[in-house]
Amino acid sequence: MSKVFVFDHPLIQHKLSYIRDKQTGTKEFRELVEEVAALMAFEITRDLSLEETTVETPVGPAVANRIAGKKLGVVPILRAGLGMTDGILRMIPAAKVGHVGLYRDPETLKPVEYYVKLPNDVEERDFIVIDPMLATGGSAIDAIASIKKRGATNIKLMCLVAAPEGVKALNEAHPDVDVYLAAMDEKLDDHGYIVPGLGDAGDRLFGTK
Ligand code: U5P
């Protein structure tokens, strides 16, 4: 059963209020999405394991902690997931970035996969799949299936806003994948948009509408 975490940190919630606001223009929207992604990365990495090391400070030896094990893989779902990538990399600069390209067929609302490129050693990495919106869940379910198919076993999903329908579908398809959100919204509308949501994340990020 997937666990769902909603990050209620005041900075995340404050910035999300501007992201939702339709008056917020492309430049500001993009900056805010990056900032929230960075803050969420800070929260999502809480359980990373540390290992002790010794460093020389100007004063003498100090026992210090560093992150243990393999580097993280961050996988934005194209194209809206790209808007969160740099924010995460600001917090985790050593992470490798994979890409999964999916678009939603406007008629069937089903995702169509057109591009997948992942870092090496897929089996040994922890992955964070990112997409600002978890609406029907179709894109995230397919993106996660495609990286599992290539050997990934440890996957988290990070989105800004989700609809309950998407969380339920994700949980049924991938019960091993926990979901990290800035907000859980009310529902989907008839066109698969999250209500109240923030509109089309890709269009707002890239100014295509
Ligand atoms: N999407 C939005 N806003 C919404 C709902 C969906 O931008 O209110 C887009 C996102 O870009 C996301 C995709 O990549 O649709 C997720 O849809 P779904 O496959 O979860 O339905």
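Residues numbered from 1 in each chain as written. Predicted model: local features only at pLDDT ≥ 70, side-chain atom pairs only at ≥ 80, totals over all residues. Heavy atoms only, no water.

An unreviewed UniProt entry annotates the protein as Uracil phosphoribosyltransferase originating from Alkalicoccobacillus murimartini. UniProt annotates the protein under Catalytic activity (unreviewed entry) with the comment "UMP + diphosphate = 5-phospho-alpha-D-ribose 1-diphosphate + uracil". Under the UniProt heading Function (unreviewed entry), the note attached to the protein is "Catalyzes the conversion of uracil and 5-phospho-alpha-D-ribose 1-diphosphate (PRPP) to UMP and diphosphate." (UniProt positions renumbered as here; feature names shortened; annotations may be inferred.)

> For this particular structure, what's the right way to read the packing of aromatic side chains?
The geometry of an aromatic ring pair is captured by the separation of the ring centres together with the interplanar angle, meaning the angle of the planes. The final tally for this structure, using the stated rule, is two aromatic pairs. Both rings, one in Phe 5 and one in Tyr 180, keep their centres 4.8 Å apart while their planes meet at 15°; by these two values the pair is stacked. Taken together, the residues span a long stretch of sequence, with Phe 5 in strand 1 (residues 4-6) and Tyr 180 in strand 11 (residues 178-184) at a distance of 175 residues. Judged by its relative accessible area of 32%, Phe 5 is partly exposed. A ring pair is formed by Phe 7 and Tyr 180, whose centres lie 5.9 Å apart and whose planes are at 35°; its orientation type is tilted. With Phe 7 in the loop between strand 1 and helix 1 (10-20) and Tyr 180 in strand 11, this residue pair connects regions lying 173 residues apart in the sequence. Considered together, Phe 7 and Tyr 180 belong to a single accessibility category, that of buried residues. By the ring-pair criterion, three or more aromatic residues cluster together here, those being Phe 5, Phe 7 and Tyr 180. (Phe/Tyr/Trp six-rings, centres within 6.5 Å; stacked < 30°, edge-to-face > 60°. Helix = DSSP H or I, 4+ residues; strand = E, 2+ residues; numbered from the N terminus. Buried < 20%, exposed > 50% of the residue type's maximum accessible area, 1.4 Å probe, protein only.)

> Teacher, can you tell me more about the site of the ligand here?
Surveying the vicinity of the ligand reveals 16 residues, the closest of which are Asp 131, Thr 136, Ser 139, Gly 199 and Ala 201. With respect to the ligand, the backbone of Ile 194 contributes an N or O atom lying 2.8 Å from an oxygen atom. Gly 199 places a main-chain nitrogen or oxygen 2.8 Å from a nitrogen atom of the ligand. Relative to its unbound accessible area of 460 Å², the ligand is 92% covered by the protein chains. Residues that form the shell around the ligand fall into these classes: seven nonpolar, six polar and three charged. (Near = heavy atom within 4 Å. Polar contact = N/O pair within 3.5 Å; in protein donor to acceptor, adjacent residues only side chain to side chain. Areas by Shrake-Rupley, 256 points an atom, 1.4 Å probe, with all protein chains shown as cover. Nonpolar A, V, L, I, M, F, W, Y, C, P; charged D, E, K, R; others polar.)

> How do you make sense of the layout of surface pockets when you look at a structure like this?
Leftover empty space is mapped by rolling, across the atoms, a probe with the size of a water molecule. Computed from the structure, the second largest pocket encloses a volume of approximately 430 Å³. Leu 48, Ile 67, Lys 70, Lys 71 and Leu 72 are, among the 21 residues lining the second largest pocket, the residues nearest its centre. If you tally residues by element for the lining of the second largest pocket, the top one is strand 8 (residues 126-130), at three residues. For the lining of the second largest pocket, the class distribution of residues is twelve nonpolar, four polar and five charged. (1 Å grid on protein atoms, 1.4 Å probe; cavity = no way out; pocket = protein on both sides within 12 Å on 5 of 7 lines; lining within 4 Å. Points joined across faces, edges and corners; volume = space filled by probe spheres on them.)

> I'm lost on the packing of helix 1 against helix 2 (residues 26-44) in this one. Help?
Packed helix pairs are characterised by how far apart their axes lie and by the angle those axes make with each other. Axis separation between helix 1 and helix 2 bottoms out at 9 Å; the angle between their running directions is 155°. When the axis of helix 1 is compared with that of helix 2, the two are roughly antiparallel. In terms of crossing hand, the pair formed by helix 1 and helix 2 is left-handed. In contact with Leu 11, Ile 12, Lys 15, Leu 16, Tyr 18 and Ile 19 of helix 1, helix 2 contributes Phe 29, Leu 32, Val 33, Glu 35, Val 36, Leu 39 and Met 40. The residue inventory of the contact of helix 1 with helix 2, partitioned by class, reads eleven nonpolar, no polar and two charged. (Axes fitted to C-alpha atoms, helices over the stretch in contact; angles between N-to-C directions. Parallel < 35°, antiparallel > 145°, perpendicular 65-115°, else oblique. Left-handed = near helix turned anticlockwise from the far one by under 90°. Contact = heavy atoms within 4.5 Å.)

> For this particular structure, what's the right way to read the side chain of Arg 204?
Among the secondary structure elements, Arg 204 is positioned in helix 6 (residues 201-206). Asp 21 is the oppositely charged side chain nearest to the buried, salt-bridge-free Arg 204, at an N-O distance of 6.3 Å. Polar side-chain contacts of Arg 204 include one of 3.2 Å to the backbone oxygen of Thr 24. With near-sequence residues (within four places) excluded, Arg 204 lies in contact with Ile 19, Arg 20, Asp 21, Lys 22, Thr 24, Thr 26, Phe 29 and Leu 198. (Lys, Arg positive; Asp, Glu negative; His and termini not counted. Salt bridge = Lys/Arg side-chain N within 4 Å of Asp/Glu carboxyl O.)

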